[in-house]
Amino acid sequence: LQEQGGLEINLIAQDTTYYGYGLGMKDGLALLLERLVAEIPAVPWLRILYTFPGYITPRLIEVVATYPQVLPYIDIPLQHAHPDVLRRMRRPADVDWVRRVVKELRQSLPDVCLRTTFIVGFPGETDEEFQALADFVEEMQFDHVGVFEYSHESGTPAGELPDDVPADVKAARQDALMVAQQEISLERHRALVGKRLSVLLEGSEEGLTVGRSYRDAPEIDGLVLIPGKMPTKRLVTVEVVEAMVYDLVGKVVKD
C-alpha cells in the first residue's frame, strides 16, 4: 500500500484492541502500531477502528500520543449504557470503567475524536433503561454517534429472546437519540471554526472538493467541503470556516 502511494490505512477487527492476546501478547495493538510506524513512514494516516474500552491500555494511549501517524481517533462500539441491557447483550457492564477510559483519553489526547454506536430496542429495554442511555449520551459528549434499531438475527443468543419492543418505540428512541446527538455534534464542530486541520482530498462534485480530516473515518462520518475544484488524492491544510451537524466547510491555506 505504501508503494502504491496509499495515504490512509484503517486497522479493522471485531475488536482491534484484542490484537495479540490469543498469542499471549500484552499491548499487541500498541506493538503493531509501533512496527507499522517504523515500516511504512510514507503512509501519513493510520486509523484504529472498533476498540473495546477494557483493552485501551496506557501503552496504547501513549503510542497514539507519541506518533503523529497514528490518528487520535478512537472508535468505541459501546452498544448501550445501562448495565442490565449490557448484561443481556453479554457485554461488559461496567459503565463507570467507560467513563474513566474516556476521561483518560481526553486528558492524554486533547484533540481526540471519539466515536461510538448504540442499539435501541434491544429485547427487554425499558423506558428507564433507554433514558439511562440518553442521559449517558448527553453526559459523554461524543463527537460521532451511530444509533441502530435492534433487529432479530437467527442463530445468535439475542435471537432466542422475545423481540418485545414495538417497532414504533424503537423508531422513536432512535430519533430521540439522534436528535440529541446532532446538537452535541454541531457544538463540537462549531468549536473547530477558525482552526486548521489536515484534510485528505478524495473527490469533487458540483463545484466542491470533498475530503476528510482525521476526525472522519471513511464512509461512516462526515466530510470537509471546500469550494472549487482541486486536485485530489493528497493532503492539504484547511482552515474551518463553517460548521454543520455532520460536515465542515473549509478553505485551503497550505497546498
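So, here's what we can say about the structure. Here the structure is a predicted model, which is why all the values come from computation and not from measurement.

Remarks on the layout of surface pockets
- For the largest pocket, the calculated volume is near 580 Å³.
- If you trace the largest pocket, you find 19 residues lining it, with Gln79, Met89, Arg91, Ile119 and Phe122 closest to the centre.
- Among the residues making up the lining of the largest pocket, the classes are represented as ten nonpolar, five polar and four charged.
- Computed from the structure, the second largest pocket encloses a volume of approximately 250 Å³.
- Considering the residues around the second largest pocket, the lining is formed by 14 residues, among which Pro110, Asp111, Leu192, Lys195 and Arg215 are closest to the centre.
- Of the residues contributing to the lining of the second largest pocket, the split by class is seven nonpolar, no polar and seven charged.

Side note on the packing of aromatic side chains
- For the coordinates displayed, the defined rule picks out seven aromatic pairs.
- Taking 6.1 Å as the distance between ring centres and 50° as the angle between the ring planes, the aromatic pair formed by Phe136 and Phe142 counts as tilted. For the pair Phe136 and Phe142, one class covers both residues: buried.
- In this structure an aromatic cluster arises from ring pairing among Tyr18, Tyr21 and Tyr55.
- A cation over a ring is seen here: Arg47 above Tyr73, with NZ or CZ 4.6 Å from the ring centre.

Concerning the pattern of salt bridges
- The full count for this structure, using the stated rule, is 17 salt bridges.
- A salt bridge links Arg212 to Glu202, with the shortest nitrogen-to-oxygen separation between them at 2.9 Å. Here Arg212, found in strand S7 (residues 208-213), pairs with Glu202, found in strand S6 (residues 196-205); they are ten residues apart in sequence, far enough to count as distant.
- The exposure class of Glu202 is partly exposed, given its relative accessible area of 34%.
- One salt-bridge network, held together by shared partners, links Glu8, Arg47, Glu202 and Arg212.

Definitions and limits used
- Residues numbered from 1 in each chain as written.
- Predicted model: local features only at pLDDT ≥ 70, side-chain atom pairs only at ≥ 80, totals over all residues.
- Heavy atoms only, no water.
- 1 Å grid on protein atoms, 1.4 Å probe; cavity = no way out; pocket = protein on both sides within 12 Å on 5 of 7 lines; lining within 4 Å.
- Points joined across faces, edges and corners; volume = space filled by probe spheres on them.
- Nonpolar A, V, L, I, M, F, W, Y, C, P; charged D, E, K, R; others polar.
- Phe/Tyr/Trp six-rings, centres within 6.5 Å; stacked < 30°, edge-to-face > 60°.
- Buried < 20%, exposed > 50% of the residue type's maximum accessible area, 1.4 Å probe, protein only.
- Lys NZ or Arg CZ within 6 Å of the ring centre and 35° of its normal.
- Salt bridge = Lys/Arg side-chain N within 4 Å of Asp/Glu carboxyl O.
- Helix = DSSP H or I, 4+ residues; strand = E, 2+ residues; numbered from the N terminus.

Function-wise, these values are silent; they only describe arrangement.
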